[in-house]
Amino acid sequence: MEAIRLEQESSSTTAQQDEKRFNIDVLRAEENVGGLIEALGSSDDLTRQRAALALGDLGGTEAAGPLIRALGDPLTAVREAAADSLVLLSDAAVGPLIELVEHPEAAKKHEKSTAAEGPATVTGPGGGTWEIETGGDLRRVYAAAVLGEIGDPAAVGPLVRALHDENSDLRCQAAGALAKFGREAVEPLARLLADPDPEVRIVAAGVLGETEEASATEPLIGALRDGNPDVRGAAAGALVRIGDTAVDQLIGATEDADRNVRLYAAGALKYIGNPRAIDTLQKLARNGDAEERSVAEDAVEKIRMVRGGAAPEPSAPTSR
């Protein structure tokens, strides 16, 4: 009986320990980073979420690892709070986040030392689901997104390499993150337009358009010559997103020796809608084949309808 009583007391003590309550307001006021890190392991969802948010305001290097671990939390609100706080930690978080994106095995260091009681399904960005035991994949997806928000140039190379990762959700987040780097991402993305994998070329073209950088125009016009029609389409769509800053080079591309380039350039000019392209498009309609004529005439009609009339008359030369 004594053994049973001791076992019951032991079980009761363990339960009390498991049910430990954390006063996040007090921990925040005391700037108790260690206590907030401990609170990330609470069984209470709101406690974990509030602790993660507080660590963004108070934590430094020591908070980065625990917050990265929280990116695999079963609750979306906790994961989002941890991601927001990692953005606030900025420099202290960049190194571990890059390591996580580049090396899948690095996720193991962020797993809890105690085994989970059972598998728990979590839903991450893009609607993908993972078992909690493989939360490393989920953490890597969030890591890519956080790196995009922090904006440290050191992350550009790792994020570009992540576009080859076997995890499709990581590839998606890496692409979105790269777009936020703007000009800094153009050159490494342009190099990917020569990648042997057409899927990588398609993604690279799309992200180049999202940067909205004029310096992306030339490599994208080059991609209009790609042997894969989906890559050509992605490049044309990207040029449309770049908009008016791409118009002059697209006008020149309507006279390219490659028919695909002429067709896609005309299509892009149609959707950009700048009246300066009308004369060039009319020339393509006169000199091109039946498909080029159709595309060019359609583009002229669309530009006139949207912008209201023909291209502006050139200014009279100034007499001297």
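Every value quoted in this text rests on a predicted model; they were computed, and no experiment measured them. (Residues numbered from 1 in each chain as written. Predicted model: local features only at pLDDT ≥ 70, side-chain atom pairs only at ≥ 80, totals over all residues. Heavy atoms only, no water.)

(A) Here's a closer look at the overall build of the protein chain. On a plain count of helices and strands, the protein chain comes out with 18 helices and 2 strands. Burial analysis of the protein chain (320 residues in total) assigns 46% to the buried set. Summed over its atoms, the accessible surface of the protein chain is roughly 16300 Å², and 49% of this surface lies on carbon and sulfur atoms. (Helix = DSSP H or I, 4+ residues; strand = E, 2+ residues; numbered from the N terminus. Buried < 20%, exposed > 50% of the residue type's maximum accessible area, 1.4 Å probe, protein only. Areas by Shrake-Rupley, 256 points an atom, 1.4 Å probe, with all protein chains shown as cover.)

(B) Focus on the environment of Ile-278. Inspection of the secondary structure puts Ile-278 in helix H17 (residues 278–287). What makes Ile-278 buried here is its relative accessible area of 1%. Between the alpha carbons of Ile-278 and Ala-299 there is a distance of 8.2 Å; along the sequence they are 21 residues apart.

(C) Local environment of the pattern of salt bridges. Taken as a whole and judged by the stated rule, the model has 17 salt bridges. Here Asp-25 and Arg-50 are joined by a salt bridge, their closest N and O atoms 2.5 Å apart. Separated by 25 residues along the polypeptide, Asp-25 in helix H2 (residues 24–29) and Arg-50 in helix H4 (residues 45–58) bring together distant segments of the chain. Overall, the relative accessible area of 49% leaves Asp-25 in the partly exposed class. Looking at Arg-50, the relative accessible area reads 32%, which means it is partly exposed. Across the pair Asp-256 and Arg-225 runs a salt bridge, and its minimum N-O distance is 2.4 Å. Within this pair, whereas Asp-256 is found in the loop between helix H15 (247–253) and helix H16 (259–272), its partner Arg-225 is found in the loop between helix H13 (217–223) and helix H14 (229–242), the two being separated by 31 residues in sequence. On the accessibility criterion, Arg-225 (41% relative accessible area) is partly exposed. When salt bridges that share partners are traced, they join Asp-45, Arg-48 and Asp-73 into one network. (Salt bridge = Lys/Arg side-chain N within 4 Å of Asp/Glu carboxyl O.)

(D) Geometry of helix H12 (residues 198–211). Here H12 is 14 residues long and its end C-alpha atoms lie 20 Å apart, about the 20 Å a rise of 1.5 Å per residue gives. The set of residues buried in H12 consists of Val-200, Arg-201, Ala-204, Ala-205, Gly-206, Val-207, Leu-208, Gly-209 and Thr-211. For H12, the N-terminal capping position is held by Asp-197, with its side-chain oxygen 2.9 Å away from the main-chain nitrogen of Glu-199. Once H12 finishes, Glu-212 follows within two positions and takes phi at roughly 60°, a positive value. (Expected span 1.5 Å × (residues − 1). Polar contact = N/O pair within 3.5 Å; in protein donor to acceptor, adjacent residues only side chain to side chain.)

(E) Structural context of the side chain of Arg-201. With respect to the helices and strands, the residue Arg-201 is situated in helix H12. For Arg-201, a relative accessible area of 12% puts it in the buried group. Here the side chain of Arg-201 touches Asp-195 through a polar contact of 2.7 Å, landing on its backbone oxygen. Side chain to side chain, Arg-201 and Asp-226 meet in a polar contact 2.8 Å long. Sequence-distant contacts of Arg-201, defined by excluding residues within four places in its chain, comprise Leu-192, Leu-193, Ala-194, Asp-195, Pro-196, Asp-226, Asn-228 and Val-231. (Contact = heavy atoms within 4.5 Å.)

(F) Seen up close, unusual backbone geometry. A positive phi angle, close to 50°, is found at Ser-90, a residue other than glycine. Along the chain, the position of Ser-90 falls in the loop between helix H6 (76–89) and helix H7 (91–102). Of note in this structure, Glu-212 is not a glycine but carries a positive phi near 60°. Note that Glu-212 resides in the loop between H12 and H13.

(G) Main features of the side chain of Glu-292. Assignment of secondary structure puts Glu-292 in helix H18 (residues 290–307). For Glu-292, a relative accessible area of 3% gives the class buried. Side chain to side chain, Glu-292 and Arg-262 meet in a polar contact 2.4 Å long. Beyond its immediate chain neighbours, meaning those up to four positions away, Glu-292 contacts Arg-259, Arg-262, Leu-263 and Leu-284.

(H) View of the environment of Ala-174. Turning to its location among the elements, Ala-174 is positioned in helix H10 (residues 168–179). Spatially, the C-alpha atoms of Ala-174 and Arg-140 are 9.8 Å apart, while their sequence positions differ by 34 residues. Excluding its chain neighbours within four sequence positions, the residues that come into contact with Ala-174 are Ala-144, Leu-159, Ala-162 and Leu-163.

(I) Broad picture of the packing of helix H11 (residues 183–192) against H12. Packing of H11 against H12 leaves a shortest axis separation of 8 Å and a crossing angle of 155°. Of the possible angle classes, the one that applies to H11 and H12 is roughly antiparallel. When you trace H11 past H12, the crossing you get is left-handed. Within the contact between the two elements, H11 uses Val-186, Leu-189, Ala-190 and Leu-192 and H12 uses Val-200, Arg-201, Ala-204, Val-207, Leu-208 and Thr-211. A class-by-class count of the residues in the contact of H11 with H12 yields 8 nonpolar, 1 polar and 1 charged. (Axes fitted to C-alpha atoms, helices over the stretch in contact; angles between N-to-C directions. Parallel < 35°, antiparallel > 145°, perpendicular 65-115°, else oblique. Left-handed = near helix turned anticlockwise from the far one by under 90°. Nonpolar A, V, L, I, M, F, W, Y, C, P; charged D, E, K, R; others polar.)

(J) Geometry of the confidence of the model for the protein chain. On average, the protein chain scores 85 in pLDDT, and the residues at 70 or more come to 82%. Every residue in residues 113–120 is under pLDDT 50, and counting partners more than four places away or in other chains gives 10 contacts. Overall, residues 309–320 carries pLDDT values under 50, and its contacts beyond four positions in sequence, including any with other chains, amount to 8 contacts. (pLDDT = per-residue confidence, 0-100.)

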